[in-house]
Amino acid sequence: VDGRCAEEPGGRRKAKYRVELPGYPILGDGKSDNQNHAIIFSRGSIIQCIDANQGGYFEQMLLLPCALGEFRQEGPGLNPRIVGFAEHITSDIGSLGDFAAGAETAFGTVLQRCYSFLGGRMHYGHPDMMNKEFMIQQGGVSKATKTVNLSEDIFAGMDFTLRGNGRNIVHREYLHVAKGRDLGFNTILTFFSKLSAGTGEQLLTRQVLRLGHELDLPEFLTFYYAHAGFYLTQFFLSKSIPLLVFIWLVVVLDDPEQNFPAMDPDSKGTSGATVIATMLITQFSKLLLLFIVAQLAPLFMQVWLESSIVSAFLRVIKQIFTLAPLHFVFQAKVIGNYITNEVTLGGAKYLPTGRGLPTTRRAFLRRLDKGGGLYNDYAVLALYDGAQLLLAVLLVILGGGLAVQLSLFWWLLALGLTICSWLLAPFIFNPYQFAHTHFRADLGDWKEFFFDGKGRYWAEWYTKTRLLPGAGLRSSGVEIIKRGLFLGAWYTILNQKVHMLTVIFSGSSRLIFSIGLVAMPPIGMSLVACCILPALPSLWGQPGEPLALGWSALTVVLLDCLETILYLWKLICVKWWKSFAVGLLLKFCLLSFCLEICECAFRLHGGSPPAWLRVRINMWLHGHRMAQDIFVSSLILALLSVGAMCCGCDFCGLHNILVYRDPGGVHKNQQAQAVPQRGEGRDGFSTFTDLSPGYSTATPRRAVEADEPPEESE
């Protein structure tokens, strides 16, 4: 429609051309539909798909004739190819911005150069130029089916490669464009979670299957490394440390009891703690430095080529000292979680990142109607696993896992880095996390979230994010195998030691004791209590009034602990502490298994149990899950309180140096100064108010810096 079109009744103009749609026009998540629809409005035979967060330089645009010349060929028509270009990341602001910019610099330059040379480069939404005629033949520059084509742009390169017949994808570095990346912790991880879920869907597509069949081995290995290989490696890395801790724990606790050496058939042999320590120091030695150097090499070499070796060293050192390992270990955990959930359970969807400035502090924990907090965001993804890993390491230490003559420095370094990252990374990179005013507000939010309204704010969050009633069974074969391995290991060890105990202390109750000790989950007392607790308000003269979830959480935890101690009392009496630790782990695993069965039952479609039974099972389930959240959040708050005591004062800028690489001016003390105002005489004045945390902010008439001279009144 333009100004030359005839007017119709009502003031609208008659369209000169209309686009005939094949059906409902919205197939994907927006970007892919927009790109494919825009092709018919473009002129010429070469198109460029450039993201909204990218921009061009005038000097680089003078090289456009050279870029367009890449499509010339002998004979008629244009060369059927996709030409990619490098990117200049401009958002290296602060620590997190530098981490994201460094990763993107390595990916957009060194890796793209190698992928193109080895034949594994595709289209990644970068400023690639494409032969439009050939892109139209394959349906457009993006695939636009929801869920399966979540990473829509990558399929343009896959389909282009599969069609063959002289098509090729190249990378050129004489032209580059500017690009801005994410700057905040949440936005960076939201972006990678979308990529991870999209990669999980890619693994299930026919394009990946056909490329695996058709590509030669060098091209296929490059394609795997550039796509699914990276994300699967992040998953393996995130699972390797917990798996090694599990093996460490099994071997240490399977050792004979110190006060009963007769259990060891070879008492003069090497202890299990020494055997596993030898394995760990073989795997985690100074060679760990070689892997760290290999991870830093792409960014180091690119900065060296673009600037100087001094700049490369400085950038790498800055990243290490501003805790880049904590960020990337946590990022690997999030990536591994999303890609495995996508492969096993599905349900990928587009997640808008926002790409806002990282200057807003996110609360520690907050109810959903106030926006939530960091604990709400990452509890299921990493915080629970971090707390479990910490408790497992404490059990290893108490079981004598460090009582060896060998040095476990490198293993303990990797282990400590993983635990700190999974527990504390979101809060360490949160702006003004340790400021006293905000920390006190976090404590108030924590109390409100768990205990106000009898725990309804926590229950609302748990129901919407974890329980998901009616969502269907959410489990996988891999998860069942993992649970079976965990249960089988602890059952075998405990059964062996209980058998030895029953042989030594024979009696009429030997068989009953053995079965109860090994196989019974500690749920009997808590279930009985949850059957009685709903009736207590009626006895107190408050019929129909629900019991506070905090009391039910305290009750079920105390009864579970009491029941566990009763089952393991014989081991305590004989001071078999390693066997007692194995019993605790087995009981914890059985209890977790029962809780997951209850959650799966609530998620199933169909008829529900009677109301009286549903209320009691719901109280039992909610009590245990609330106790878990109270414990994990209290543990994290206790660790963060150390940082609040050290870095929370108004004059300390250490945390600002970590987050922004600048001490900042927020905590600087400002001098109050009387300023006469116009029309108020010499008695009228306003006072400059300090805006740093810890000070109340009155509304000033005009903010005046300490060194600014006051205005003269009329």
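Being a predicted model, the structure only gives us computed values, none of them experimental. (Residues numbered from 1 in each chain as written. Predicted model: local features only at pLDDT ≥ 70, side-chain atom pairs only at ≥ 80, totals over all residues. Heavy atoms only, no water.)

1. Examining the overall build of the protein
Then, in step 1: The secondary structure content of the protein amounts to 26 helices and seven strands.
Then, in step 2: Counting every position in the protein, which comprises 714 residues, the buried fraction comes to 46%.
Then, in step 3: The contacts in the protein between residues at least 6 apart in sequence include a share of 78% that link residues at least 24 apart.
Then, in step 4: Here the protein displays about 37100 Å² of accessible surface, and carbon together with sulfur accounts for 63% of that area. (Helix = DSSP H or I, 4+ residues; strand = E, 2+ residues; numbered from the N terminus. Buried < 20%, exposed > 50% of the residue type's maximum accessible area, 1.4 Å probe, protein only. Contact = heavy atoms within 4.5 Å. Areas by Shrake-Rupley, 256 points an atom, 1.4 Å probe, with all protein chains shown as cover.)

2. So, the environment of His37
Then, in step 1: Note on placement: His37 falls in helix α1 (residues 31-38).
Then, in step 2: Once the C-alpha coordinates of His37 and Val19 are considered, the two residues, 18 residues apart in sequence, prove to be 9.4 Å apart.

3. Examining the packing of helix α9 (residues 217-253) against helix α10 (residues 272-283)
Then, in step 1: The N-to-C vectors of α9 and α10 enclose an angle of 155 degrees; their axes lie 8 Å apart at closest approach. As judged from the angle between their axes, α9 and α10 are roughly antiparallel. Remark: the crossing between α9 and α10 carries right-handed chirality. Across the interface between the two elements, Leu244, Ile247, Trp248, Val251 and Val252 from α9 touch Gly272, Ala273, Ile276, Met279, Leu280 and Gln283 from α10.
Then, in step 2: Residues that form the contact of α9 with α10 fall into these classes: nine nonpolar, two polar and no charged. (Axes fitted to C-alpha atoms, helices over the stretch in contact; angles between N-to-C directions. Parallel < 35°, antiparallel > 145°, perpendicular 65-115°, else oblique. Left-handed = near helix turned anticlockwise from the far one by under 90°. Nonpolar A, V, L, I, M, F, W, Y, C, P; charged D, E, K, R; others polar.)

4. Observations concerning the pairing of strand β1 (residues 46-49)
Then, in step 1: Burial along β1 is one-sided: Ile47 and Cys49 are buried, and none of Ile46 and Gln48, which face the opposite way, are.
Then, in step 2: Bridge analysis of β1 against strand β4 (residues 128-131) gives four bridges, and the strand direction is antiparallel. Looking at the pairing, Ile46 lines up with Asn131 of β4. (Pairing = 2+ DSSP bridges.)

5. What about the sheet that holds strand β5 (residues 168-179)?
Hydrogen bonding along the main chain pairs the strands of a sheet, whether they run parallel or antiparallel.
Then, in step 1: Read across the open sheet, the five strands follow the order β1-β4-β3-β5-β2; overall the sheet is mixed. At either margin of the open sheet sits one strand with a lone partner, and together these are β1 and β2 (54-55).
Then, in step 2: As paired elements, β2 and β5 share two bridges and run antiparallel to each other. Its bridge partner lying in β5, Gly55 is registered against Ala178.
Then, in step 3: This element, helix α6 (residues 154-163), spans β3 (81-89) and β5 of the sheet and lies at about 155 degrees to β5.

6. Remarks on the side chain of Arg616
Then, in step 1: Along the chain, the position of Arg616 falls in helix α25 (residues 611-647).
Then, in step 2: In this structure Arg616 touches Cys530, Cys531 and Pro534, once residues within four positions along its chain are discounted.

7. Describing helix α7 (residues 185-202)
Then, in step 1: Counted at 1.5 Å a residue, the expected span for α7 with its 18 residues is 26 Å, and the 26 Å between its end C-alpha atoms agrees.
Then, in step 2: A large share of α7 lies buried, amounting to 15 of its 18 residues. (Expected span 1.5 Å × (residues − 1).)

8. What about the nonpolar core?
Then, in step 1: Ranked by size, the top nonpolar core spans 113 residues in total, and within it Tyr375, Trp411, Trp490 and Ile636 carry the most contacts.
Then, in step 2: Here the element with the most residues in this core is helix α14 (residues 374-398); it accounts for 13 residues.
Then, in step 3: Trp411 has contacts with Ile241, Leu244, Val245, Trp248, Leu280 and Phe284, leaving out every residue within four places of it along the chain.
Then, in step 4: Counting 23 residues, the second-largest nonpolar core is a separate cluster that includes Tyr115, Met122, Ala156 and Leu211. (Core = buried A, V, L, I, M, F, W, Y, C linked by side-chain atoms within 4.5 Å.)

9. Concerning the confidence of the model for the protein
Note that predicted coordinates carrying low pLDDT should not be read in detail.
Then, in step 1: For the protein, the average pLDDT comes to 83, and 86% of its residues sit at 70 or higher.
Then, in step 2: Contacts of residues 666-714 to residues separated by more than four positions or lying in other chains number 73 contacts, the stretch itself having pLDDT below 50. (pLDDT = per-residue confidence, 0-100.)

10. Quick word on the environment of Gly184
Then, in step 1: Topologically, Gly184 is positioned in the loop between β5 and α7.
Then, in step 2: Among the residues examined, Gly184 registers a relative accessible area of 10% and is labelled buried.
Then, in step 3: Along the primary structure Gly184 and Val659 are separated by 475 residues, whereas in three dimensions their C-alpha atoms are 9.9 Å apart.
Then, in step 4: With residues near it in sequence (within four places) discarded, Gly184 still touches Leu96 and Pro358.

11. Some words on the pattern of salt bridges
Then, in step 1: Here the structure, examined in full by the defined rule, presents 26 salt bridges.
Then, in step 2: Arg483 is the partner of Glu596 in a salt bridge, and the nearest nitrogen-oxygen pair spans 2.4 Å. One end of the pair, Glu596, is in helix α24 (residues 577-603); the other, Arg483, is in helix α18 (residues 477-504), and 113 residues separate them in sequence.
Then, in step 3: Given a relative accessible area of 22%, Glu596 falls into the partly exposed group.
Then, in step 4: Each of the salt bridges in this network shares a partner with another, and the network as a whole consists of Glu87, Glu104, Lys179, Arg181 and Asp182. (Salt bridge = Lys/Arg side-chain N within 4 Å of Asp/Glu carboxyl O.)

12. Notes on the packing of aromatic side chains
Then, in step 1: All chains considered together, the criterion is met by 30 aromatic pairs.
Then, in step 2: Ring centres of Phe185 and Tyr378 lie 5.8 Å apart, and the angle between their planes is 80 degrees; on these two criteria the pair is classed as edge-to-face. Taken together, the residues span a long stretch of sequence, with Phe185 in helix α7 and Tyr378 in helix α14 at a distance of 193 residues. Tyr378 shares its class with Phe185; the two are buried. (Phe/Tyr/Trp six-rings, centres within 6.5 Å; stacked < 30°, edge-to-face > 60°.)

13. Here we look at helix α22 (residues 549-567)
Then, in step 1: Counted at 1.5 Å a residue, the expected span for α22 with its 19 residues is 27 Å, and the 27 Å between its end C-alpha atoms agrees.
Then, in step 2: Among the residues making up α22, those that are buried are Leu549, Gly550, Ser552, Ala553, Val556, Asp560, Glu563, Thr564 and Tyr567.

14. Comments concerning the pairing of β3
Then, in step 1: Burial of β3 is extensive: eight of the nine residues sit out of reach of the surface.
Then, in step 2: Pairing of β3 with β5 involves nine bridges; the strand directions are parallel. Paired with Phe85 across the two strands is Arg172, which belongs to β5.
Then, in step 3: As paired elements, β3 and β4 share two bridges and run antiparallel to each other. The residue of β4 that forms the bridge with Ile82 is Met130.

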